[in-house]
Amino acid sequence: MSRESQTAQPAASDRPELPGKLPDHLRTELIDFRRDLHMHPELGHQEFRTTAAIKARLEKAGLRPRVLKSGTGLICDVGTWDGGRPMLALRADIDALPIPDAKTHVPYRSTFPDRAHACGHDVHTSVVLGAGLVLAELDRKGLLPRPVRLLFQPAEEVLPGGATDAIESGVLDGVGRIVAVHCDPRVDAGRIGLRAGPITSACDRLEVTLSGSGGHTARPHLTTDLVTAAARVAVDAPALLARRMDARSGMSVTWGRIEAGHACNVIPMHAELSGTVRCLDLNAWHEAPDMIHAAIDEIATMHGAKFEINHVRGVPPVVNDPVITELLREAMGVRCGAESVEDTEQSLGGEDFSWYLEHVPGAMARLGVRTPGDSAKRDLHRGDFDVDESAIGVGVEFFTAAALLDGRRARPVGDR
């Protein structure tokens, strides 16, 4: 797959002219920047090198970035905010995943055996950095109608997400609306996916510990058969919840780990299960802890097992503001034509961008990163995930258009 393929763009003759195009030299630099991040992935709350690289490039452009008090991540305002109309924020996440990079055919493969940018955060970071550099140049020319905040957030992959700490540190002070992109390997480079309303799902972590007397496998009737109890929890809890929750809520309990015992002829005294809880619906997410506890209580009690539940709240769904979603549709239409925007479905993936939307209206778009015509399946959170790097330039111009269109409006999108 060509990493720098020139994605065909629709004719621009019928589209309004808007400044903020990405110059070729910066396009090349951003691809190199993304590759450097890809080679040096850092996990959540450990993104010191990444933060330093972003900070250095923004300072080189004459901007004044501010590192978050946690020591990783930063914000940077382009233009001077006078305390009046709140700013538009462009958000990127900067952390990687603790999985091996399975790509062997690219020069920018991760240099760490147990870390990889397998979710596209290196692309998100390069897009927001590029948009900031282009907007800074427009500001110097007097062409930026309103200041814009760049937000580079750490620890998106760590529940409940680095967004909560970032918000507590004041990243939304002076911000009235916020936008983001997320790589989508099912969408061609040169296109984006949009959806008003919920576009991701709530996601929690669920840990269940079972305990009982244990004993000899020859006499299970004299024991608390914890292996059977754990198996029934694994199978029956999702089935019970499917009948007790509204099917439209999209409640999904999926186990990723089950562990019990050490010998084939010993019934153990402890068993553990861990997995995720996902909900399409915000109300169902609020009801989930009580419903899950009740279901596991019934199953464990039937088998005479004691239990403990650690339900770690993760993130609510990302619910896109419809007005800001239309702003993004207009921005992409100006840059690449209305046909470059496609409707997208709500996914069961979680995203801590949702926490920002608890405070200000905003929207997330899905950035196409698949090379047109490529039939390979490169899903997120897999070691072989990669992108068509032409998507970086598309994302930059998409964001600069959104910032300019929003800034020109007498009344900003998202105002209530």
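Placed above this text is the structure.
Residues numbered from 1 in each chain as written. Predicted model: local features only at pLDDT ≥ 70, side-chain atom pairs only at ≥ 80, totals over all residues. Heavy atoms only, no water.

1. Considering the side chain of arginine 335
Stated formally: Strands are runs of DSSP state E lasting at least two residues, helices are runs of H or I lasting at least four, and both sets are numbered from the N terminus onward. Relative accessibility decides the category of a residue: with a 1.4 Å probe and only protein chains considered, values under 20% of the type maximum give buried, values over 50% give exposed, and everything between is partly exposed. Charge assignment: positive for Lys and Arg, negative for Asp and Glu; neither His nor the chain ends contribute. The term salt bridge refers to a pairing of a side-chain nitrogen on Lys or Arg with a carboxyl oxygen on Asp or Glu at a separation within 4 Å.
Residue position: arginine 335 is located in helix H7 (residues 322-336). One buried charged residue, arginine 335, forms no salt bridge at all, with the nearest opposite charge on glutamate 397 at 4.8 Å.

2. With respect to the pairing of strand E8 (residues 202-211)
Applied cut-off: Two strands pair if DSSP finds at least two bridges between them.
Examined bridge by bridge, E8 and strand E12 (residues 270-279) share 10 bridges and lie antiparallel to one another. Bridging from a neighbouring strand, glutamate 207 pairs with serine 274 of E12. In the sheet, E8 pairs with strand E13 (residues 306-315) via eight bridges, with the strands oriented antiparallel. Counterpart to leucine 210 in the pairing with E13 is phenylalanine 307.

3. Some details on the sheet that holds E12
As a reminder, the rule being used: Inter-axis angles, ranging from 0 to 180 degrees, are taken between N-to-C directions of lines fitted to C-alpha atoms, where helices are fitted over the stretch in contact.
Spatial strand order, E10-E12-E8-E13: four strands in an open sheet with antiparallel pairing. The sheet terminates laterally at strand E10 (252-260) and E13, the two strands that pair on one side only. For this sheet, the mean angle separating the axes of adjacent strands, direction not counted, is 15°. In this structure, E10 lies alongside E12, joined through eight bridges in antiparallel fashion. The residue bridging tryptophan 255 from the neighbouring strand is glycine 275, located in E12.

4. As for the sheet that holds strand E2 (residues 74-78)
As a reminder, the rule being used: The contact rule is simple, with two residues in contact once any of their heavy atoms fall within 4.5 Å.
The strand order across the open sheet built from eight strands is E1-E2-E4-E3-E5-E16-E6-E15, with neighbouring strands paired in mixed fashion. The sheet is open, and its two edges are formed by strand E1 (66-67) and strand E15 (341-343), each paired on a single side. Pairing of strand E5 (residues 175-188) with strand E16 (residues 362-370) involves eight bridges; the strand directions are parallel. Across the sheet, residue valine 181 finds its bridge partner in E16, namely alanine 365. Packed on one face of the sheet, helix H3 (residues 121-140) meets E2, strand E3 (87-93), strand E4 (148-153), E5 and E16 and runs near 145° to E3. Lying over the sheet, helix H9 (residues 390-408) contacts E3, E4, E5, strand E6 (192-194) and E16, oriented at roughly 155° with respect to E16.

5. Some words on the nonpolar core
Spelled out, the test is: The nonpolar core is taken to be a set of buried Ala, Val, Leu, Ile, Met, Phe, Trp, Tyr and Cys residues, with the residues joined through side-chain atoms within 4.5 Å.
Grouped together as the largest cluster of nonpolar side chains are 63 residues, with contacts concentrated most on Leu58, Leu90, Phe152, Phe398 and Phe399. Here this core gets 11 residues from one element, more than from any other, and that element is H9. Sequence-distant contacts of phenylalanine 399, defined by excluding residues within four places in its chain, comprise Leu90, Val127, Val128, Ala131, Val179, Ala180 and Val181. Formed by 49 residues, the second largest nonpolar core is a distinct cluster that contains Ala89, Val233, Ile292 and Ile296.

6. A few points about H3
Test applied: Expected span of a helix, by definition, is 1.5 Å for each gap between consecutive residues, and there is one gap fewer than residues.
Relative to the 28 Å expected for 20 residues at 1.5 Å per residue, H3 spans 29 Å between its end C-alpha atoms, a close match to the ideal helical length. The element H3 is extensively covered by neighbouring structure, given that 17 of its 20 residues are classed as buried. Downstream of H3 by one or two residues, glycine 142 has phi in the positive range, about 75°.

7. Some words on unusual backbone geometry
In this chain, leucine 159 is followed by proline 160 through a cis amide linkage whose omega measures 0°. Tracing the sequence through the fold places proline 160 in the loop between E4 and helix H4 (162-168). Despite not being glycine, histidine 45 has its phi angle at roughly 70°, a positive value. Tracing the chain through its elements places histidine 45 in the loop between helix H1 (24-39) and helix H2 (48-60). Relative accessible area serves as the criterion here: at 38%, histidine 45 is assigned to the partly exposed category. Positive phi outside glycine occurs at alanine 155, with the angle close to 60°. The class of alanine 155 is buried, set by a relative accessible area of 0%.

8. Regarding the packing of aromatic side chains
Each pair of aromatic rings is reported with the distance of its centres and the angle of its planes. In plain terms, the rule: Only centres within 6.5 Å qualify two rings of Phe, Tyr or Trp (six-membered ring in Trp) as a pair; their planes then separate them into stacked at under 30 degrees, edge-to-face at over 60, and tilted for everything else.
Enumeration over the complete set of coordinates arrives at three aromatic pairs. Geometrically, the ring pair formed by phenylalanine 353 and tyrosine 356 is tilted, given 6.0 Å between the ring centres and 55° between the ring planes. Of the two residues, phenylalanine 353 and tyrosine 356 are both situated in helix H8 (residues 353-356); the distance of three residues between them amounts to about one turn of the helix. With respect to burial, phenylalanine 353 and tyrosine 356 carry one shared label: buried.

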